[in-house]
Amino acid sequence: MQRSSSGSLSSALPASIALGWAGLAVASVLVLGAIGVRSLVGINVDVEDESASAMVATTIASSVPTATITVSPASPSDRATARDLRAKMQRDLETGKFPAFITGVEELLRLDPEAAADRKLRSSIIDVLMVITAGRGEHADKLFDLIENRMGTHGIDLLYQLVIAHGGSRASARASALLVDPAVRARGTPALRVAYELRMAPCVHKNQLFKRAAEEGDTRSLQQLELLKNPCSRRNNCCPHAKDPELSQAIEAIRARSQG
């Protein structure tokens, strides 16, 4: 979907809601400064450590059926309304009206389900989550519900991005709890599922995923596989598969696919 930079849609928050957000002033200033400069731009992803207990709790579930999600394209009139809505959402971000922004996300997905594919929108959703879950967490339930149930495979990708880019945050912990459920992961892409399983599997079992990674993996799997090339490191604790030919083949297959 092509993103439009025009449109409008904002209204001031009632005083009672504005006061409710006062406790989040410091976190909001940091996030809003970034949002104001970049206007819904994406964020970089860094790999974070996962706890050993979470790794043990996750099994290598390659047999989970894939959910099929059908997205109907927006009509021309809905696309025009969506452009106006996006402009209002941008203003809501810049002025810290996060409840209004969340309402805008819900309406935008109703008008144009393909908006979930917009990386800049997903990045802005992450920014808002980092603020609203840092305090009392109001409105987080609604936003996580939209991510999980209204954004298709892009929403499941967003959950994984929260896990790997914001480890240690409340938003990341909640995303991790959702991804533990195989039914949630089944709504993601094959590339997402194999990346998640590679990340969470105990080292001795990671080699069982090399062939799947070669066929289905993307750069998210590549990050996990490249960590295994070093037989002893902070992340893989002397993983025994560094010289496994299938590991090298998987890495090369993903690299070739990514470059092609």
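Conventions adopted
- Residues numbered from 1 in each chain as written.
- Predicted model: local features only at pLDDT ≥ 70, side-chain atom pairs only at ≥ 80, totals over all residues.
- Heavy atoms only, no water.
- Helix = DSSP H or I, 4+ residues; strand = E, 2+ residues; numbered from the N terminus.
- Buried < 20%, exposed > 50% of the residue type's maximum accessible area, 1.4 Å probe, protein only.
- Contact = heavy atoms within 4.5 Å.
- Areas by Shrake-Rupley, 256 points an atom, 1.4 Å probe, with all protein chains shown as cover.
- Salt bridge = Lys/Arg side-chain N within 4 Å of Asp/Glu carboxyl O.
- Axes fitted to C-alpha atoms, helices over the stretch in contact; angles between N-to-C directions.
- Parallel < 35°, antiparallel > 145°, perpendicular 65-115°, else oblique.
- Left-handed = near helix turned anticlockwise from the far one by under 90°.
- Nonpolar A, V, L, I, M, F, W, Y, C, P; charged D, E, K, R; others polar.
- Core = buried A, V, L, I, M, F, W, Y, C linked by side-chain atoms within 4.5 Å.
- pLDDT = per-residue confidence, 0-100.
- Arc of directions from axis to C-beta.

Caption draft 1: Structural view of the overall build of the chain. Of regular secondary structure, the chain possesses 14 helices and 0 strands. N-terminal to C-terminal, the α/β element order of the chain is α-α-α-α-α-α-α-α-α-α-α-α-α-α. Per-residue burial over the chain gives 45% buried out of 260 residues. For the chain, the proportion of contacts with a sequence separation of at least 24, taken over those separated by at least 6, is 74%. Entry remark: accessible area of the chain is about 12600 Å², with carbon and sulfur atoms responsible for 54%.

Caption draft 2: How the structure looks around the pattern of salt bridges. Applying the stated criterion to the full structure yields 13 salt bridges. For Glu107, the salt bridge identified is with Arg110, shortest N-O distance 2.5 Å. You can see Glu107 and its partner Arg110 sitting in helix α5 (residues 98–111), 3 residues apart, about one turn around the helix. Residue classification places Arg110 among the exposed residues on the basis of a relative accessible area of 52%.

Caption draft 3: Examining the environment of Gly104 more closely. One can find Gly104 in helix α5. For the pair Gly104 and Leu85, spaced 19 residues apart in sequence, the C-alpha separation works out to 6.7 Å. If near-sequence neighbours (up to four positions away) are discounted, Gly104 is found in contact with Leu85 and Met89.

Caption draft 4: Examining the packing of helix α6 (residues 119–132) against helix α8 (residues 152–165) more closely. It is the contact of α6 with α8, at a shortest axis distance of 11 Å, that shows an interaxial angle of 50°. One way to sum up the angle between α6 and α8 is to call them oblique. Crossing hand, α6 versus α8: right-handed. Across from Arg122, Ile125, Ile126, Leu129 and Met130 in α6, the residues of α8 making contact are His154, Leu158, Gln161 and Leu162. In the contact of α6 with α8, the residues fall into 6 nonpolar, 2 polar and 1 charged.

Caption draft 5: Spotlight on the nonpolar core. With 42 residues, the main nonpolar core has Phe101, Ile125, Leu129, Leu143, Phe144, Ile147 and Leu159 as its most contacted residues. If we ignore the near neighbours within four places in the chain, the residues touching Phe101 are Met89, Asp92, Leu93, Leu121, Ser124, Ile125 and Val128. With 15 residues, the next largest nonpolar core counts Val194, Leu198, Leu209 and Cys239 among its residues.

Caption draft 6: Structural context of the environment of His154. If you trace the backbone, His154 turns up in helix α8. Setting aside chain neighbours within four positions, we find His154 in contact with Ala116, Ala117 and Arg122.

Caption draft 7: Spatial organisation of the confidence of the model for the chain. Looking at the chain as a whole, the pLDDT averages 77, with 67% of positions reaching at least 70. Within the model, the stretch residues 1–32 combines pLDDT values under 50 with 65 contacts to residues more than four positions away or in other chains.

Caption draft 8: Structural detail: the packing of α6 against helix α7 (residues 140–150). Where α6 meets α7, the closest approach of the two axes is 10 Å, and the angle between their N-to-C directions is 150°. Our classification of the angle between α6 and α7 gives roughly antiparallel. Remark: the crossing between α6 and α7 carries left-handed chirality. Between α6, through Ile125, Val128, Leu129 and Ile132, and α7, the contact on the second element is made entirely by Ala140, Leu143, Phe144 and Ile147. Partitioned by chemical class, the residues of the contact of α6 with α7 number 8 nonpolar, no polar and no charged.

Caption draft 9: Quick peek at the environment of Ser124. Position of Ser124 among the secondary structure elements: in helix α6. When its relative accessible area of 0% is taken as the criterion, Ser124 is described as buried. Considering only alpha carbons, one finds Ser124 and Leu93, 31 residues apart in sequence, at a separation of 8.2 Å.

Caption draft 10: Local environment of helix α9 (residues 170–179). Of all the residues in α9, the buried ones are Ala171, Ser172, Ala175, Ser176, Leu178 and Leu179. One face of α9 carries all of its buried residues, which in axial projection span an arc of 160°. The exposed residues of α9 that point more than 90 degrees off its buried face are Arg170 and Ala177. For α9, the secondary structure elements touched by its buried residues are α6, α7, α8, α10 (182–185) and α11 (190–200).

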